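One-letter residues, chain by chain:
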Amino acid sequence: MEKKILVTGGLGFIGSHTVVELQNEGFEVIIIDNLSNSTIDVLEKITSITNIKPTFFNLDLKDKKEVHDFFNQNEVDGIIHFAASKAVGESILKPLDYYENNIYSLVNLLQETTQRNLNNFIFSSSCTVYGQTDELPITENAPIKPAESPYGNTKKINEEIIADAVKAHGLKAISLRYFNPIGAHSSAKIGELPLGIPQNLIPFITQTAAGIRQELSVFGDDYPTVDGTAVRDYIHVVDLAKAHIAALNRLLKNQQKNNYEVFNVGTGKGSSVLEVIKQFEKVSQTKLNYKIVGRREGDITATYADTTLANNELNWKAELTLEEALLSAWNWQKTLK
Ligand code: WQD
């Protein structure tokens, strides 16, 4: 009997790529998404990739009754929880919306799962919880610093909520702390779909190369790094999706060492903004129009993961290169109108 997995936010960037990998692995997928930051056509795109249509519910996880009714009517063997507001800048302007959405949604979900002894819960967390660490690469034991944004704070708070639910109710959970997810599925049928002006580097680069944006602003070249621009750990979204399958199998096979575990999910390699630009120009064979401007408020100098724990315990390792990720992002951009 196929295991049934609920994917909240399953029509979003990382969610949709994870749904594809779940279906490739033979799982039956149910998606809950309220379409606040995704579009319904992603459902048919996923179906066109795997030839399996996921079951879809347009529900708002903030609505306690909707969540309760869903679990009354649907039995699942595991949950991967992506659904959340995730724009750092927007969270600074609308903190209460971010706390309401990101925290209520999680609490409503956990109220249902713990009352039904539904274990196997995977949470989409972020390296944002570390802030600027003193040491690099970053291990899971690095101290959790005060959040740089309400968005980052909701990730921190949600991890604590999950830890308390595990202690009180015997929930089995894994939080995956993503570094910087980039790229798109090789089919170029799904990818990152930023609404409005992209906040993140890669979509801004591909939109500039596509002529949608005039010029990329590089936020600062006076950081203490290889070339003065900030360093991040850019991981291909398909590698990131596969890390969720590895985490899910660990839970389903009862291989956890603790009922709550946290893993960094990155490549373990840092790349500067200028290095990314150079790689993009190489794979796209275009010249990118950019200028150096001042630093962006809240940005950190450098972050990249120590992935030893995920490599050893999840038997997972990022396999795709930065170049492959950038080329897949470019191929995806070229399909967009
Ligand atoms: C990357 C680098 C910028 C845009 C954010 C969230 C994090 C996670 C990933 C959700 C930085 C520089 C960017 C631009 C630039 N999201 N940059 N010009 O800020 O590392 O992380 O997205 O979990 O939580 O904080 O990603 O892509 O915005 O920036 O120079 O137009 O590119 O300064 O050094 P970031 P990013």
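Residues numbered from 1 in each chain as written. Predicted model: local features only at pLDDT ≥ 70, side-chain atom pairs only at ≥ 80, totals over all residues. Heavy atoms only, no water.

**Student:** Got a minute to help me understand the overall build of the protein in this structure?
**Tutor:** The helix and strand inventory of the protein stands at 11 helices and 13 strands. Taken over C-alpha atoms, the radius of gyration comes to 19 Å for the protein, in line with the 20 Å a tight globule of 337 residues would show. When the backbone C-alpha atoms are referred to their principal axes, the protein occupies close to 55 × 45 × 40 Å. In the protein, once contacts between residues fewer than 6 apart in sequence are set aside, the share between residues at least 24 apart is 80%. Carbon and sulfur atoms make up 49% of the accessible area of the protein, which totals about 15100 Å². Each charge class in the protein can be summarised by its mean position, and for the 33 positive and 41 negative side chains these summaries are 2 Å apart. (Helix = DSSP H or I, 4+ residues; strand = E, 2+ residues; numbered from the N terminus. Rg over C-alpha atoms; globule rule 2.2 N^0.38 Å. Contact = heavy atoms within 4.5 Å. Areas by Shrake-Rupley, 256 points an atom, 1.4 Å probe, with all protein chains shown as cover. Lys, Arg positive; Asp, Glu negative; His and termini not counted. Charge placed at Lys NZ, Arg CZ, Asp CG, Glu CD.)

**Student:** Is there a simple way to explain the packing of helix H7 (residues 201-209) against helix H9 (residues 273-284) in this structure?
**Tutor:** In helix packing, the relevant descriptors are the interaxial angle and the interaxial distance, both defined with respect to the helix axes. Direction vectors running N to C along H7 and H9 enclose 40°, while the axes themselves pass 11 Å from each other. Our classification of the angle between H7 and H9 gives oblique. In terms of crossing hand, the pair formed by H7 and H9 is right-handed. Mapping the contact onto sequence places Leu201, Ile202, Ile205, Thr206 and Ala209 in H7 and Val273, Val276, Ile277 and Phe280 in H9. Tallied by class, residues from the contact of H7 with H9 come to 8 nonpolar, 1 polar and no charged. (Axes fitted to C-alpha atoms, helices over the stretch in contact; angles between N-to-C directions. Parallel < 35°, antiparallel > 145°, perpendicular 65-115°, else oblique. Left-handed = near helix turned anticlockwise from the far one by under 90°. Nonpolar A, V, L, I, M, F, W, Y, C, P; charged D, E, K, R; others polar.)

**Student:** Even after reading the chapter, I still don't get the layout of surface pockets, so can you show me in this structure?
**Tutor:** Here the idea is plain: a probe the size of a water molecule rolls over the atoms and shows the empty space left. Of the voids in this model, the second largest pocket is the one considered here, and its volume is about 260 Å³. What lines the second largest pocket is a set of 18 residues, and nearest its centre among them are Thr267, Lys269, Ser271, Thr321 and Leu322. If you list the elements that add at least two residues to the lining of the second largest pocket, you get H9 and helix H11 (322-333). At 3 residues, the largest contribution of residues to the lining of the second largest pocket is made by H9. (1 Å grid on protein atoms, 1.4 Å probe; cavity = no way out; pocket = protein on both sides within 12 Å on 5 of 7 lines; lining within 4 Å. Points joined across faces, edges and corners; volume = space filled by probe spheres on them.)

**Student:** How should the site of the ligand be read in this particular structure?
**Tutor:** As a structural note, the neighbourhood of the ligand is formed by 18 residues, with Thr128, Tyr151, Leu201, Arg232 and Asp299 the closest of them. At 2.9 Å from an oxygen atom of the ligand is found a main-chain nitrogen or oxygen belonging to phenylalanine 219. Burial of the ligand by the protein amounts to 89% of the accessible area it has alone, namely 680 Å². Per-element accounting of the shell around the ligand gives the leading share, 4 residues, to strand S8 (residues 216-219). (Near = heavy atom within 4 Å. Polar contact = N/O pair within 3.5 Å; in protein donor to acceptor, adjacent residues only side chain to side chain.)

**Student:** For this particular structure, what's the right way to read helix H8 (residues 237-252)?
**Tutor:** Along an α-helix, residues three or four positions apart point the same way, because every turn accommodates 3.6 residues. Taking 1.5 Å of rise per residue, 16 residues should cover 22 Å, and H8 covers 23 Å from first to last C-alpha, within 8% of that figure. Burial within H8 is extensive, with 13 of its 16 residues counted as buried. (Expected span 1.5 Å × (residues − 1). Buried < 20%, exposed > 50% of the residue type's maximum accessible area, 1.4 Å probe, protein only.)

**Student:** I would appreciate a short explanation of the packing of aromatic side chains in the present structure.
**Tutor:** Each aromatic ring pair is characterised by the separation of its centres together with the angle its planes make. Under the counting rule described, the total for this entry stands at 3 aromatic pairs. Geometrically, the ring pair formed by phenylalanine 57 and phenylalanine 70 is edge-to-face, given 5.2 Å between the ring centres and 85° between the ring planes. Of this pair, phenylalanine 57 sits in strand S3 (residues 55-57) while phenylalanine 70 sits in helix H3 (residues 64-73), and the two are 13 residues apart along the sequence. On the basis of relative accessible area, phenylalanine 57 is assigned to the partly exposed category, the value being 25%. Aromatic side chains phenylalanine 280 and tryptophan 330 sit 5.6 Å apart centroid to centroid with 85° between the ring planes, which places their arrangement in the edge-to-face category. One end of the pair, phenylalanine 280, is in helix H9; the other, tryptophan 330, is in helix H11, and 50 residues separate them in sequence. Neither residue differs from the other here; phenylalanine 280 and tryptophan 330 are each classed as buried. (Phe/Tyr/Trp six-rings, centres within 6.5 Å; stacked < 30°, edge-to-face > 60°.)

**Student:** I tried to follow the sheet that holds S3 on my own but got confused; where do I start?
**Tutor:** Remark on secondary structure: sheet strands pair via backbone hydrogen bonds, oriented parallel or antiparallel. Pairing in this open sheet of 7 strands is parallel, and the strands run S3-S2-S1-S4-S5-S6-S11 from one edge to the other. In this open sheet, the two edge strands, each paired with only one partner strand, are S3 and strand S11 (260-265). Direction aside, the axes of adjacent strands within the sheet are offset by 20° on average. As paired strands, strand S1 (residues 4-8) and strand S4 (residues 78-81) are joined by 4 bridges and run parallel to one another. Of the residues in S4, the one forming a bridge with valine 7 is isoleucine 80. (Pairing = 2+ DSSP bridges.)

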